[in-house]
Amino acid sequence: MASLSLQGLVKRYGHTQVVHGIDLEVADGEFIVLVGPSGCGKSTTLRMIAGLESVTAGTLRIGDKVVNRLEPKDRDIAMVFQNYALYPHMSVFKNIAFGLLAAKRPKDEIETKVKRAAEMLGLTAYLDRRPSELSGGQRQRVAMGRAIVRDPSVFLFDEPLSNLDAQLRGQVRTEIKRLHQTLRTTTIYVTHDQVEAMTLADRIVIMRDGRIEQVGTPLDVFHTPASIFVAGFIGTPTMNFMTLPAARDGVAATLKLGEGAVIPVSSAIVGARERVVAGIRPDDLRVETAGTGATLRPGEVRFEGTVIIAEPLGTATQVTLRAHGHELVGMADGRLLPASGETVAVTVDTKLAHFFDPDGARLRG
Amino acid sequence: MSGPAASLFDADRPWRVALAERPGLVVAWTLLVIGAIVMMTPLAYMIGTSFKAPHEVYEINLLPHEPTFENYIFIFEKTRFGLWFVNSVVTSALVTISVLFFDALIGYTLAKFEFRGREFVFIAILSTLMIPTEMLIVPWYVMAKNFGWLNSYWGIMFPGMMTGFGVFLMRQFFMGVPDDYIHAARIDGLSEFKIWWKVAMPLVTPALSALGIFTFLGNWTAFLWPLIVTNDRALYTLPVGLASFSGENLTDWELVMAGATIATLPTLVVFIVFQRYIIRGVVLAGLKG
Ligand SMILES: Nc1ncnc2c1ncn2[C@@H]1O[C@H](COP(=O)(O)OP(=O)(O)OP(=O)(O)O)[C@@H](O)[C@H]1O
Ligand SMILES: [Mg+2]
């Protein structure tokens, strides 16, 4: 086990720079998830850590050793790939044992380690099979077995679940989490699935265009997103964003949503800005049949909207509506299914709203 | 249409019905049968003639009236046919092994490593495909003569030990091998050579089999170059040796045919051995299902 430290990590391919200086300190035993849209440099960063790509600039440490120039095999890491990369001409046993065989470990040690890993992953019955005779989930576990037997300081995962169907993905995700709780190995896990990121991570690293946008615990990035980008990336359905004109009045200020609907904010948030972006999660935007809402509590505002489409999800109904010229997504009680065109009451708890500068940064009041 | 069930050989239905439903089948089968006849007739005639006595050779009948093994006995006892056969097997096999090894190695390097001049090297190799063999015979000969390679196995083999076509074919197949296999092996600590040999090569067995068949057959039937580079009868390959049965005035066709019949056997063996691997598409089996 080991800590991991990236300092000013840069990757250039020819003249195109794809990773622009990543700084990240990972504690021993921590589970870090790198998340971000396609092409933002997650895999490249991971491959630099693995030693599969050279580091253009910056310092990479595993434990307290600088590993920039070490071969992958000398970095004491193990990696699980998106398509598993199992060798089709070898049995499951040989696939799992491959690294140990290559390292010429003693036979009985290999035997013990493979058996133990297979047991941990429920693969004991399949050791003699070929990968082609396994299901997708089993193949995925073989790939993990291959990583486990190396007993590395750092586990690296590159979208290990993206080839599984939704149900299996949930199962294997839980298994990975359990595995980490057992082994406590430092882990860097790449995904573009924010649910995986939220459920697995000790800390999430949100990347964008080769830069780190925010680092924080899952609750941190969910409740205090550092930018519009992070706020929009984490959480489903996506947060509603409205660019609203600001009006200052001494210590108090307001954002005007529409006629008769204003959001009170502190003037510190507004500052000298003409406009402020308000972000409201769909879960914080309550949709009710017009005229039936409970009495407003402090901080709540209510306005009317016209339903565009309502989608029942069971526990709640997701309602896309138009209000004051904004298209918004809110949640209604699961038993309510308003028709398109119907007028509904929308209640927002403004204390839960997020505020951003129009150029993207979070505003703090 | 009723899909695959409407086969010509569906046991439950008269074939007339199947044909009526799918008139395209008639055309397809007719063409296949004609093709088969065109291909098989010379082969059948070759085998038939090899069992004929000399006086019967110029008769058109496919089956000999008085079948005889004399021709086979003759070529093995009175000519160096056995030796030529061995020469052909040895040179063709060695060239095939060399081509599989080197072409795959070069193709892999061109497909999976980035280095300065890679495109140039690839195009240079590719451009050799555009030069016809006939144009190369003279330079090869000069080379063989100056290095003292005339009348030797090496002289017969050296021009074919690596081929531009094979490099091209293997490069294309290796490009289809996902990098993750190579990365995984690299993390497992294999040397680059072992990654190629133990991980990448098994993933392209279909291509290796195809290249193996082409190369072996090409060298087995090669005539012009072995004819030029050898004049010691003991070093003839089969095609050259068989051709030597043709005299200036007269050709002993029954002997040529007996020799040619035996010469086809190894090609059959090679084909049957390799084609299993061609059909088995291995490349994607270890990836996502
Ligand atoms: N070998 C290469 N040469 C040039 N550019 C590359 C190379 N590999 C990756 N890139 C570029 O680097 C950028 C980051 O790629 P990377 O694979 O790290 O993205 P990613 O975040 O993993 O995306 P995804 O979610 O699609 O896997 C992309 O724009 C890609 O085009
Ligand atoms: Mg990626």
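None of these values were measured; they are calculated from a predicted model. The numbers attached to residues start from 1 for each chain and follow its sequence in the written order. The naming scheme follows written order: chains are lettered A onward, ligands numbered 1 onward. Where totals are concerned, whole chains, interfaces and linings use all residues; where local detail is concerned, this predicted model gives features only for residues with pLDDT of at least 70, and gives and counts side-chain atom pairs only at 80 or more. The basis for the side-chain values is all heavy atoms of the structure; hydrogens and waters are excluded.

Secondary structure follows DSSP: runs of H or I at least 4 residues long count as helices, runs of E at least 2 residues long count as strands, and numbering of each begins at the N terminus. Broken down by element type, chain B carries 14 helices and 0 strands. Listing the helices and strands of chain B from first to last along the sequence gives α-α-α-α-α-α-α-α-α-α-α-α-α-α. Carbon and sulfur atoms form 71% of the exposed surface of chain B, whose accessible area is close to 16,200 Å². A 1.4 Å probe and the Shrake-Rupley method give the accessible areas. Residues count as covered only by the protein chains that appear here.

What follows concerns the overall build of chain A. Counting its regular elements, chain A contains 9 helices and 20 strands. By principal-axis analysis of the C-alpha atoms, chain A measures approximately 75 × 45 × 35 Å. Across the 365 residues that make up chain A, the buried fraction comes to 51%. Contacts are assigned to residue pairs that have any heavy atoms within 4.5 Å of one another. Within chain A, residue pairs in contact and separated by at least 24 positions form 65% of the contacts whose partners lie at least 6 positions apart. Categorising residues by exposure relies on relative accessible area from a 1.4 Å probe, with only protein chains included: less than 20% of the type maximum marks a residue as buried, more than 50% marks it as exposed, and the intermediate range marks it as partly exposed.

Moving on, we come to unusual backbone geometry. A negative phi angle characterises most non-glycine residues, just as the trans form characterises most peptide bonds. All names here are of chain A. Of note, the amide linkage connecting Thr-236 to Pro-237 takes the cis form, showing an omega dihedral of -10 degrees. Summarising the element assignment, Pro-237 is placed in the loop between helix H8 (228–233) and strand E11 (240–249). Backbone geometry places Asp-151, a non-glycine residue, at a positive phi of 50 degrees. When its relative accessible area of 56% is taken as the criterion, Asp-151 is described as exposed. Residues other than glycine seldom take positive phi values, yet Asp-209 does so here, at roughly 50 degrees.

One recurring pattern in soluble globular proteins is that nonpolar side chains are buried together. Core analysis: the largest hydrophobic core is formed by 61 residues, its most contacted members being A:Leu156, A:Ile188 and B:Phe174. Beyond its immediate stretch of four places on either side in the chain, B:Phe174 contacts B:Ala104, B:Gly107, B:Tyr108, B:Ala111, B:Lys112, B:Trp196, B:Ala200, B:Met201 and B:Val204. The criterion is simple. A nonpolar core is a set of buried Ala, Val, Leu, Ile, Met, Phe, Trp, Tyr and Cys residues joined through side-chain atoms within 4.5 Å.

A separate point is the sheet that holds strand E7 (residues 154–158) of chain A. Hydrogen bonds along the backbone pair up the strands of a sheet, which may run parallel or antiparallel. All names here are of chain A. Strand pairing follows a simple DSSP-based rule, namely that at least 2 bridges must link the two strands. With respect to topology, 6 strands assemble into an open sheet ordered E6-E7-E8-E3-E9-E10, the strand pairing being mixed. At either margin of the open sheet sits one strand with a lone partner, and together these are strand E6 (77–80) and strand E10 (211–216). Taking the axes of each pair of neighbouring strands and ignoring which way they run, one obtains an average angle of 20 degrees across the sheet. Between the N-to-C directions of two axes lies an angle of 0 to 180 degrees, each axis being a line fitted to C-alpha atoms and, for a helix, fitted only over the stretch in contact.

The subject of this paragraph is the site of ligand 1. All names here are of chain A. In the vicinity of ligand 1, the contacting residues are Tyr-13, Val-18, Ser-38, Gly-39, Cys-40, Gly-41, Lys-42, Ser-43, Thr-44, Glu-159 and His-192. For the purposes of these results, a polar contact is taken to be a pair of N or O atoms within 3.5 Å, where, inside protein, one atom must be able to donate a hydrogen and its partner to accept one; residues adjacent in sequence count only when each atom of the pair is a side-chain atom. In the environment of ligand 1, an oxygen atom lies 3.0 Å from a nitrogen or oxygen atom belonging to the backbone of Gly-41. Between ligand 1 and Ser-43, the relevant distance is 2.6 Å, taken from an oxygen atom to a side-chain nitrogen or oxygen of the residue. Relative to its unbound accessible area of 640 Å², ligand 1 is 62% covered by the protein chains. Any residue that is not Ala, Val, Leu, Ile, Met, Phe, Trp, Tyr, Cys, Pro, Asp, Glu, Lys or Arg is counted as polar, Gly included; the first ten are nonpolar and the last four charged. Of the residues in the shell around ligand 1, the class split is 3 nonpolar, 6 polar and 2 charged. Nearness of a residue to a molecule or strand requires only that one of the residue's heavy atoms be within 4 Å of it.

Attention now goes to the sheet that holds strand E5 (residues 65–66) of chain A. All names here are of chain A. Taking strand neighbours across the sheet as the criterion, the 4 strands line up as E2-E1-E4-E5 in an open arrangement whose pairing is antiparallel. The two strands at the open ends of the sheet, each matched to only one other strand, are strand E2 (16–26) and E5. Relative to strand E4 (residues 57–62), strand E1 (residues 4–13) runs antiparallel, the two sharing 5 bridges. Bridge assignment links Leu-6 to a residue of E4, and that residue is Leu-60. Set on the sheet, helix H1 (residues 42–50) makes contact with E1, E2 and E4; between it and E1 the angle comes to about 115 degrees.

Further remarks concern the pairing of strand E12 (residues 252–258) of chain A. Residues and elements named next belong to chain A. Strand direction decides the pairing type here: E11 and E12, joined by 4 bridges, are antiparallel. Among the inter-strand pairings, Asp-249 is bridged to a residue of E12, identified as Ala-252. Connecting E11 to the antiparallel partner E12 that follows it, the hairpin turn spans 2 residues, and Gly-250 within it adopts a positive phi of roughly 70 degrees.

With that out of the way, let us pick up the domain arrangement of chain B. Residue and element names in this part refer to chain B. Residue ranges assigned to each domain were obtained from an automatic or database domain assignment. Taken domain by domain, chain B comprises domain 1 (3–72) and domain 2 (80–288). Listed by partner, the interface residues are 10 residues for domain 1 and 10 residues for domain 2. The term buried area means the drop in 1.4 Å probe accessible area that two parts suffer when joined, counted for both and summed. Both faces combined, the contact of domain 1 with domain 2 buries some 840 Å², and carbon together with sulfur accounts for 77% of it. It is Met-46, Asn-71 and Tyr-72 in domain 1 that bury the most area against domain 2; as a group they hold 53% of the surface buried on that side. We define a salt bridge as a side-chain nitrogen of Lys or Arg found within 4 Å of a carboxyl oxygen belonging to Asp or Glu. Along the contact surface separating domain 1 from domain 2 lie 0 salt bridges. At the junction of domain 1 and domain 2, the tally comes to 1 residue pair in polar contact (both at pLDDT 80 or more). The set of elements that each furnish at least two residues to the side of domain 1 that touches domain 2 consists of helix H2 (23–50) and helix H3 (70–78). Among the elements that take part in the side of domain 1 that touches domain 2, H2 stands out by supplying 4 residues, more than any other. Of the residues belonging to the side of domain 1 that touches domain 2, the class tally is 6 nonpolar, 3 polar and 1 charged.

Residues and elements named next belong to chain A. Expected helix span is computed as 1.5 Å times (number of residues minus one). Compared with an ideal rise of 1.5 Å per residue, which puts 13 residues at 18 Å, helix H4 (residues 136–148) spans 19 Å between its outermost C-alpha atoms and is within 8% of the ideal. Counting buried residues along H4, 12 of its 13 residues qualify, which places the element largely inside the surrounding structure. Of the positions making up H4, those classed as buried are Gly-137, Gln-138, Arg-139, Gln-140, Arg-141, Val-142, Ala-143, Met-144, Gly-145, Arg-146, Ala-147 and Ile-148.

Another point: helix H6 (residues 133–147) of chain B. Residues and elements named next belong to chain B. Taking 1.5 Å of rise per residue, the 15 residues of H6 would be expected to cover 21 Å, and the 20 Å separating its terminal C-alpha atoms lies within 8% of that figure. By definition, a residue's bend is the angle between the axes fitted to the seven residues ending there and the seven starting there. At Pro-139, H6 shows its strongest bend, of approximately 25 degrees. Among the residues of H6, those classed as buried are Ile-137, Trp-140 and Ala-144. The inward-facing, buried residues of H6 contact helix H12 (224–229).

Put simply, two rings from Phe, Tyr or Trp (the six-membered ring, in Trp's case) pair if the centres are within 6.5 Å, and we call them stacked under 30 degrees between planes, edge-to-face over 60, tilted for the rest. Applying the stated criterion across every chain yields a total of 31 aromatic pairs over all chains. Ring geometry for B:Phe101 against B:Trp196: centres 5.4 Å apart, planes inclined by 85 degrees, an arrangement best described as edge-to-face. With B:Phe101 in helix H4 (residues 81–112) and B:Trp196 in helix H10 (residues 192–203), this pair connects stretches of sequence that are 95 residues apart. Judged by relative accessible area, which is 29%, B:Phe101 ranks as partly exposed. Each residue in the set B:Trp140, B:Phe147, B:Trp149, B:Trp154, B:Phe158 and B:Trp225 is aromatic and connected to the rest through ring pairs, giving one cluster. The aromatic ring of A:Tyr87 is capped on one face by A:Arg146, whose charged end is 5.1 Å from the ring centroid. Note on geometry: a ring has a charge over it if NZ (lysine) or CZ (arginine) is within 6 Å of the ring centre and within 35 degrees of the ring normal. For B:Arg171, the ring lying beneath its charged end belongs to B:Phe122, and the centroid distance is 3.8 Å.

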